[in-house]
Every structure is written in C-alpha cells, then in structure tokens.
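Each chain, letter by letter, is given below.
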Amino acid sequence: MMLLHNLKDAEQVVSFVEAVKVGLGNNQGVFFPQSIAPLADVDALLELDFVGRSSKVLSHLIGDEIPQSTIASMVKNAFNFPAELVKVEENVYCLELFHGPTLAFKDFGGRFMAECLSVFNEGNKTTILTATSGDTGAAVAHAFYGKKDIDVVILYPKGKISLAQQKLFTTLGNNIHCYAVEGSFDDCQAMVKHAFLDDEIKQRLGLNSANSINISRLLAQVCYYFEAVAQLPSEQREKAHISVPSGNFGNVCAAMIAASLGLPVAKLSATTNQNDTVPRYLASKEWAPNDTLESLSNAMDVSKPNNWPRVQFMLDNDWFNYENFYSHSVGEDETKAIMQQVYDNGYLAEPHTAIAYQGLKQDLASDGVGVFLSTAHPAKFKESVEEILNIDLAMPKPLADALAKPCLAQELVNDYQVLREQLLAKLG
Ligand SMILES: *Cc1c(COP(=O)(O)O)cnc(C)c1O
C-alpha cells in the first residue's frame, strides 16, 4: 500500500485514500509518496493501449488499498479522450494534452480526482467549493458534472474572465452551482477560505477543496508521460527529453514520478514564463519569489509554485538527477516570437505550448529526441493567438457549444454571510 508523508511534518503519514480526501496536510504541507518502486516491465507496458497501461501504472503506484478492477473502471471513465503525440520537426514531437472536454491538460488530473472522490466518499454528501480565475473552474465543473452525492460550487470574479472560459462551466447546471462575484479573484478566494474556517458549513456541506495540490491529480498525470514515450518510434525511446511549461510545477512533478517508475526520461526541462522563481533559484540557490506578473501564458502566472517541495524532494533524494533537470524562463516578447516561428514551421501553438517548445530547443542535445507538451488548445487563448499571429481561429466544438448556451450563474455581492445563507439554503 502506498504511504505518503507530509513534506512539512514527517510524522504525518497517510494512505492514498486519506491523502486524496484531506488534500493538504498539517502546517499546509503537501503529501508525497515515501518511496516509489520501479515497474518491472516498462517495455511490455509500453505496448499496451493508454487506458489499459494507465490502470496498471496507477495500480502499481497506489497498491492494494483500492482493488485493481476499481482502478481500471475509474481510469476508463476519467481518460475518455486521447493524448496525441504529433511530429513537429525532425526529432521534435508535441504531446497534445488538450483533447478533453475543457481543452486543457487539467482535464486528466481533474477527471481522475473526481473519480477518486466519488468512489472514496462512500455516499456521504460532498461539496466541492472553489474559486477560479479561469481554467480550473471549467476542469473541475466538467469532471464532477453529474456525479452522485457531489455538488460543486464555483465562485468567479464577475466580468474578469473571458466569455469562453466562463461559459465552459456556467452553462452546465445540474450539480454545478456558479456565482459571479462582484469583486476580484482574490475576493472570491477569500470567501472560499472563510468557508473552510466555518465549522458549521464545513460539516453540513461536507466541504472539500479539490485543489491543484491533490495527489490524485499528479498520479493521473504520470500516465500520459508513458503514453508519450509509447508513441515514440521504439529506437528513440531511450533518448526522450521532455519539456513541460510550468507554473505550479505539478505537471513536471508527475514527469519525475514517471521517471522514478522507470520510464526512460533522459532529461527534463521545466520552463516558466517571466515568473521565474525556480530558474533563479536553481542558478543562485536562493528562494526569492517576486510579485506575480501577468503574462500571455496566464495559467503559469505563479511566483510561489506549490508543487516545488515535491520536485525538490525528488531531486534531493536522487530520484531524478539534478544534472538532467533544466529550468529556463521565457519572456513575453520571446513567447510571441516563438509562436510565430513555430507557426511558420507549420504548427499552431498557444503561449504555454510555445514556452515549452522554446525550453526544449534551448536544452536539447544535438542527438536528443524532444517532446514538448501542449497544455491547452490554441482556441482557449483565441484573443492573443489571433492577434500575435494575425490569423482567424475556428472555435472547436466544445467551446462553440458552450458559447451557444445561456449562463446559469447567479450574481453575488462580495459578502461571505450572503454566500453562507445561499449555500445553507441550497445545499445544507
Ligand atoms: C495549469 C497550466 C499550466 C501549468 O501547469 P503546472 O502543473 O501548474 O506547472 C500550463 N499550461 C496550462 C494551459 C495550464 O492550464
């Protein structure tokens, strides 16, 4: 059985199910596996299909706390869309992770987390309460949509997120309850924090945050790194250099776990935008976050990456060699120039993807084989992509469908007591 320890309190050791339910540990510490046993048969696993292989990888990681057949059905439900490897240049491939319902890689982790919580809550009433500045709300809403005994409450700042982003979650209805708050994202987040300190609300609604720190998300993300290597020509597999556009460093953390399991990952690049706390830290050994800057790649606008302790733990304990880990930052002008260059070469990359491409090109050895991750569909960043590349983008079907539906969100004043009454009346 997998045991996880709190990276801020080594005494706190929990099972996978507990870690998923609790989310964050004592002193706001994150949970991480105490050890990871390598897989015995990576080559054979690489021959399997995505869902079959992912069930085996997750069963190996999680162990016997959850029956294999349960994991297999959770994986089948969660991963009902592909991860596609596309050749972009000689020896350079893009792993497209945006073929899910909200067109971003967060669908993989979000959907598996939803499966976990609905299996582990055993019929107890659960309310997922979250604030969103854009992407997370959509991924969480779609992942939990229609799940029995689970309600989702999403707060977002009214008028401050794009219409496409907003309509991806406010049009669902059913067990997804959305509030357009007259305030900023920080106001929304403050109300969420307030609710988690309110014992009566916590108790009566069965509050859970389902946030990005949840270990179930990371384990789910491990699976698509196996898929990337599986789709490489077999003679290139040993040389894979993977580049991950990084904000909270969860995605690259999953890549390192995959390597610890024995997946051949020769090198890893975790490339940031101008929010460059980690690249500066690796160069100077000093952790000195600056104020967060708004960027084209806004899902990576993070200056205190909450998964960094997990990455640091693996590097410090030689689960992955420091020498094979790179982290550069790519500025705004450079991001635009790279988008143009990639486009001229025949591939359309939105800003996050362009940053991963650039990180790879900086670090890739002349005989290496590179895989950069595309974490979002270009249409999710339609405004900036169209402006920078001077093109018109078609809306993919999930976005076009959502835009055509009415918004079901309720407006809410920025006042916790009002939210509290609403929640008790609706869900208490
Ligand atoms: C969340 C996100 C990232 C950053 O991933 P982390 O796991 O936080 O490093 C990159 N690109 C997109 C499109 C995202 O939504």
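Residue indices begin from 1 for each chain and proceed along its sequence in written order. With pLDDT at 70 or above as the cut-off, local features in this predicted model cover only qualifying residues; side-chain atom pairs require 80 or more to be listed or tallied, and sums for whole chains, interfaces and linings still use all residues. Neither water nor hydrogens contribute to the side-chain values; these are computed over all heavy atoms in the structure.

Enquirer: Hey, could you run me through the sheet that holds strand 5 (residues 92–96) in this one?
Expert: Strands belonging to one sheet form pairs held by backbone hydrogen bonds; the direction of such a pair is parallel or antiparallel. Strands sit in the order 4-5-13-10-11-12 across an open sheet of 6 strands; the sheet is mixed. Looking along the sheet, the strands with just one partner apiece sit at the ends: strand 4 (84–89) and strand 12 (325–326). By the bridge criterion, 2 bridges tie strand 11 (residues 267–271) to strand 12 in an arrangement that is parallel. Paired with Leu268 across the two strands is Phe325, which belongs to strand 12. The criterion used for residue contact is that any of the two residues' heavy atoms lie within 4.5 Å. Each axis is a line fitted through C-alpha atoms, and for a helix only the stretch in contact is used; angles between axes span 0 to 180 degrees, taken between their N-to-C directions. Per the convention used, a helix needs a DSSP run of H or I reaching at least four residues, while a strand needs a run of E reaching at least two, with both numbered from the N terminus. Running at roughly 170° to strand 11, helix 11 (residues 250–260) makes contact with strand 10 (240–245), strand 11, strand 12 and strand 13 (369–374) of the sheet. Pairing between strands is defined by DSSP: at least two bridges between the two strands are required.

Enquirer: Just to check I follow, could you spell out the packing of aromatic side chains for this structure?
Expert: How two aromatic rings sit relative to each other is set out by the distance from centre to centre and by the angle between their planes. Between 30 and 60 degrees the pair is tilted, below 30 it is stacked and above 60 it is edge-to-face, where a pair is any two Phe, Tyr or Trp rings, Trp via its six-membered ring, whose centres lie within 6.5 Å. Taken as a whole and assessed by the stated rule, the structure comprises 18 aromatic pairs. Relative to Tyr224, the ring of Phe108 has its centre 4.9 Å away and its plane inclined at 65°; by these criteria the two rings are edge-to-face. Separated by 116 residues along the polypeptide, Phe108 in helix 5 (residues 106–120) and Tyr224 in helix 10 (residues 215–231) bring together distant segments of the chain. Only protein chains enter the accessibility calculation, which uses a 1.4 Å probe. A residue is then buried if its area is under 20% of the maximum for its type, exposed if over 50%, and partly exposed in between. Among the residues examined, Tyr224 registers a relative accessible area of 0% and is labelled buried. Ring pairs connect the aromatic residues Phe50, Phe79, Phe81, Phe108, Tyr224 and Tyr225, which therefore count as one cluster. Our definition puts a charge over a ring when NZ of Lys or CZ of Arg is within 6 Å of the ring centre and also within 35 degrees of the ring normal. Here the basic side chain of Lys285 rests over the ring of Tyr281, its NZ or CZ set 5.6 Å away from the ring centre.

Enquirer: How should the nonpolar core be read in this particular structure?
Expert: The tendency in soluble globular proteins is for nonpolar side chains to be buried side by side. Phe16, Phe112, Phe144, Tyr224, Tyr225, Ile257 and Phe325 are the most contacted members of the largest nonpolar core, which has 104 residues in total. Considering every element that reaches this core, the biggest residue donor is helix 10, with 12 residues. Among residues more than four places away in sequence, those in contact with Phe144 are Ala114, Leu117, Ile128, Ile150, Val152, Asn175, Ile176 and Ala210. Residues enter a nonpolar core if they are buried and are Ala, Val, Leu, Ile, Met, Phe, Trp, Tyr or Cys, with the set joined through side-chain atoms within 4.5 Å. Counting 22 residues, the second-largest nonpolar core is a separate cluster that includes Cys94, Val342, Ala354 and Ile388.

Enquirer: When you look at the site of the ligand in this model, what are you seeing that I'm missing?
Expert: Close to the ligand lie 15 residues; Lys106, Gly247, Asn248, Asn251 and Thr375 are nearest. A distance of 2.5 Å separates an oxygen atom of the ligand from a polar side-chain atom of Lys106. At 2.9 Å from an oxygen atom of the ligand is found a main-chain nitrogen or oxygen belonging to Asn251. Residue exposure ignores everything except the shown protein chains as possible cover, and the areas themselves are Shrake-Rupley values with a 1.4 Å probe. Burial of the ligand by the protein chains amounts to 95% of its free accessible area of 380 Å². Residues are classed as near a molecule or strand on a simple rule: at least one heavy atom within 4 Å of it. Pairs of N or O atoms within 3.5 Å make up the polar contacts considered here, provided that, within protein, one atom can donate a hydrogen while the other can accept it, and that residues adjacent in sequence are counted only when both atoms are side-chain atoms.

Enquirer: Would you mind showing me how to read the state of the cysteines here?
Expert: By definition, a disulfide links two cysteine residues through a covalent bond between their sulfur atoms. When two cysteine sulfur atoms are found within 2.5 Å, that pair is recorded as a disulfide. According to the stated counting rule, one finds 0 disulfides in the structure shown. Left without a disulfide partner, Cys407 is nearest to the cysteine sulfur of Cys178, which lies 7.4 Å away.

Enquirer: For this particular structure, what's the right way to read the packing of helix 11 against helix 13 (residues 308–316)?
Expert: For any two helices packed against each other, one specifies the crossing angle of their axes together with the interaxial distance. At their nearest, the axes of helix 11 and helix 13 sit 9 Å apart, and the two run at 30° to each other. With respect to helix 13, the axis of helix 11 lies roughly parallel. Here helix 11 runs over helix 13; the crossing is left-handed. For the pair helix 11 and helix 13, contact is made by Val252, Cys253, Met256, Ile257 and Ser260 and by Arg310, Val311, Met314 and Leu315, respectively. When grouped by side-chain class, the residues that make up the contact of helix 11 with helix 13 number 7 nonpolar, 1 polar and 1 charged. Between 65 and 115 degrees an angle is taken as roughly perpendicular, under 35 as roughly parallel, over 145 as roughly antiparallel, and anywhere else as oblique. Crossings are sorted by hand: turned counterclockwise from the far helix by less than a right angle, the near helix makes the crossing left-handed, and turned clockwise it makes it right-handed. Gly counts as polar in this scheme, as do all residues outside two lists: the nonpolar Ala, Val, Leu, Ile, Met, Phe, Trp, Tyr, Cys and Pro, and the charged Asp, Glu, Lys and Arg.

Enquirer: What am I meant to see in empty space enclosed by the protein here?
Expert: Remark: the empty space left among the atoms is shown by a probe the size of a water molecule rolled over them. Here a cavity denotes a set of grid points, spaced 1 Å apart and computed over the protein atoms alone, in which a 1.4 Å probe fits but from which it cannot get out, and a pocket denotes an open set meeting protein on both sides within 12 Å along at least five of seven lines; residues with an atom within 4 Å of a point are reported as lining. Grid points are joined across faces, edges and corners, and a volume is the space filled by probe spheres set on the points. The full count for this structure, using the stated rule, is 1 cavity of 30 Å³ or more. By volume, the largest cavity is sized at about 30 Å³. Every residue along the wall of the largest cavity is listed here: Gly247, Phe249, Thr272, Asn275, Asp276, Thr277, Val278, Val302 and Pro305.

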